[in-house]
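Here is what each chain is made of, one letter per residue.
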Amino acid sequence: MAALETSQVNKAVAILRAGGLVGLPTETVYGLAADASQREAVGRIFAAKGRPVTHPLIVHLGSLCRLSEWARDIPPFARQLAEAFWPGPLTLVLKKQPSVLTEVTGGQLTIGIRIPAHPLALAVLEAFGGGLAAPSANRFGRISPTTAAAVREELGAAVDIVLDGGACEQGIESTIVDCSGEMPVLLRPGALSVTALADVLKQPVLSAAGRSIPRVSGSLPAHYAPQTPLQLVSADQLLQAQPDEGSSVAALVYSSQVFPVIPNRQYFRLPGHFAGYAQGLYACLRSIDNQGFDGIEVETVPDTAEWAAIADRLRRAAF
Ligand code: TXA
Ligand code: MG
C-alpha cells in the first residue's frame, strides 16, 4: 500500500480507537464507521445520520475467524455463504453473541455482519482488529454515497475523517440474507444476485414477503430517495413526452432508443446492464439533485431477477 494510504489508515484507526467516526469506502457504498464495542461511538453514528435508534447497524469484520466473537449458533448454510462470498457484497443476519451492544442491533437478538471487499476497508479492519459498525454514510432516508465527496456533502463536520477509496465498484448496497432461522431469507436485494446465492446453496433463497421480518430501515417504503421528486415511466411514455414549459425534467434512461429532444428536458444515460447501471445510479441521482431540476423521470428497468435490486431502490425512490 502507498505511504499516503498507510498514513490515512493509521489516522483512521486512531480516530476509531478514540471513539470517532470514519467515512469508509467499501465496494458497495461508503460506510460511516465507528468502533462497534464503544457505546458512545455507536451513538454518534445515529446522531450524525439522524437515524432512529431502533434501526440496527451492520458490523464489518476483517476476517472470517472473528465471526464467532459476534455471532453464535451459525448454521451450515450461513457458513457456506460466508465462505463463498466474503469478502464481498453480502450481509448475513445471525443470532448475536450476548456481548454485542444492544445499540448496534437496535435492541434485537440478531446481528448483521459482513466482510467488505474494498482494499482500504480491509486495511483499516485489519489494523483496527475489532468490528466496525457502519451504515451507509448518508443522512437517514437519503441516497447512499458512492464517492468520498458525496460523504462530505452528506455529513460534513459530523465525520472526523473520510478515506478516499475512489468511486465504489458495485454502487448499491449489499444483499442481506437472514440466517437466524431454519432457512435463508432474503431481507434486502442488493449487489449480489439471488441467483448467485441459490447456486451456492443449491436451493432458492426465500423471499421476505409476508413473513414477520426484523426491522430493516432499508425496507421502509420511502427510502433511498433523492430530494427531487422522482417517477418511474416506461420507454414508450418517454418517447411520447411533450414539451412542458413550466418545469425542467431530468430523464434517466438506459435503453438504446433515440428519445425526442425537448426544451427543458435533459437526458442522463446509464449502461443497459445491471452492473454498470448499479455502479452509476446513485452518483447520477445525486448529480441530478444538485442541478435543481423540478422532476426526475426514470425509465422503468426490466422486471427480472437480475435487476431486482435496482427495481427495489427505484420503487422506494419514487414513493
Ligand atoms: O452495502 C452495505 O450494506 C452498506 C456498506 C456500508 O456495508 N451498508 C449499509 O448499511 O447499507 P445500512 O445501515 O444503510 O443498511 C443496512 C441494513 C439496514 O436496513 C438495517 O436495518 C439492516 O441492514 N440490518 C442490520 N442489522 C440487522 C439485523 N440484525 N436484522 C435485520 N436487519 C438488519
Ligand atoms: Mg443505508
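Note: the structure precedes this text.
Since we're looking at a predicted model, the values are computed, not measured.

(A) How the structure looks around the side chain of Lys49. Residue position: Lys49 is located in helix α2 (residues 39–49). Although buried, Lys49 forms no salt bridge, and the nearest oppositely charged side chain, Glu154, lies 7.4 Å from it. Separated by 2.7 Å, the side chain of Lys49 and the backbone oxygen of Ser136 make a polar contact. Within polar-contact distance, the side chain of Lys49 engages the backbone oxygen of Asn138 at 3.0 Å. Those residues within four positions of Lys49 in sequence are excluded, and the remaining contacts are Leu32, Pro135, Ser136, Asn138, Arg139 and Phe140.

(B) Expanded view of α2. Regarding α2, the residues found buried are Ala41, Val42, Ile45, Phe46, Ala48 and Lys49. Here the buried face of α2 lies against β2 (31–35), α5 (102–105), β7 (132–133) and α7 (148–155).

(C) Structural context of the site of ligand 1. Taken together, 26 residues lie around ligand 1, and Thr28, Arg51, His60, Ser136 and Ser174 are the ones closest in. Within the contact set of ligand 1, a nitrogen atom lies 3.1 Å away from a side-chain nitrogen or oxygen of Thr110. Considering ligand 1 on its own, with 670 Å² of exposed area, one finds that the protein chains cover 98% of that surface. Listed by contribution, the elements that provide at least two residues to the shell around ligand 1 are β3 (58–60), β6 (110–114) and β10 (185–188). It is β6 that contributes the most residues to the shell around ligand 1, four residues altogether. A class-by-class count of the residues in the shell around ligand 1 yields 12 nonpolar, nine polar and five charged.

(D) Spotlight on the sheet that holds strand β13 (residues 249–253). Strand order in the open sheet made by the four strands is β12-β15-β13-β14, with parallel pairing throughout. Of all strands in the sheet, those with a lone pairing partner are β12 (230–233) and β14 (265–269), marking the two edges. Direction aside, the axes of adjacent strands within the sheet are offset by 25° on average. Of the pairings in the sheet, the one linking β13 to β14 comprises five bridges and is parallel in character. The partner of Val253 across the bridge, within β14, is Arg269. Each of β12, β13, β14 and β15 (295–299) touches helix α10 (residues 274–290); the most contacted strand, β13, lies at about 175° to it.

(E) A look at the packing of aromatic side chains. Applying the stated rule across the entire model yields six aromatic pairs. Centroid distance Tyr254 to Trp307: 5.6 Å. Interplanar angle 35°. Geometry classified as tilted. Of this pair, Tyr254 sits in the loop between β13 and β14 while Trp307 sits in the loop between β15 and α11 (308–317), placing them 53 residues apart in sequence. Trp307 matches Tyr254 in its accessibility class, with the two residues each being buried. Aromatic side chains Tyr277 and Trp307 sit 5.3 Å apart centroid to centroid with 75° between the ring planes, which places their arrangement in the edge-to-face category. Within this pair, whereas Tyr277 is found in helix α10, its partner Trp307 is found in the loop between β15 and α11, the two being separated by 30 residues in sequence. Note on Trp307: relative accessible area 5%, which makes it buried. Following the ring pairs from residue to residue traces out a cluster consisting of Tyr254, Phe274, Tyr277 and Trp307.

The rules behind these values
- Residues numbered from 1 in each chain as written.
- Chains lettered and ligands numbered in written order.
- Predicted model: local features only at pLDDT ≥ 70, side-chain atom pairs only at ≥ 80, totals over all residues.
- Heavy atoms only, no water.
- Helix = DSSP H or I, 4+ residues; strand = E, 2+ residues; numbered from the N terminus.
- Buried < 20%, exposed > 50% of the residue type's maximum accessible area, 1.4 Å probe, protein only.
- Lys, Arg positive; Asp, Glu negative; His and termini not counted.
- Salt bridge = Lys/Arg side-chain N within 4 Å of Asp/Glu carboxyl O.
- Polar contact = N/O pair within 3.5 Å; in protein donor to acceptor, adjacent residues only side chain to side chain.
- Contact = heavy atoms within 4.5 Å.
- Near = heavy atom within 4 Å.
- Areas by Shrake-Rupley, 256 points an atom, 1.4 Å probe, with all protein chains shown as cover.
- Nonpolar A, V, L, I, M, F, W, Y, C, P; charged D, E, K, R; others polar.
- Pairing = 2+ DSSP bridges.
- Axes fitted to C-alpha atoms, helices over the stretch in contact; angles between N-to-C directions.
- Phe/Tyr/Trp six-rings, centres within 6.5 Å; stacked < 30°, edge-to-face > 60°.

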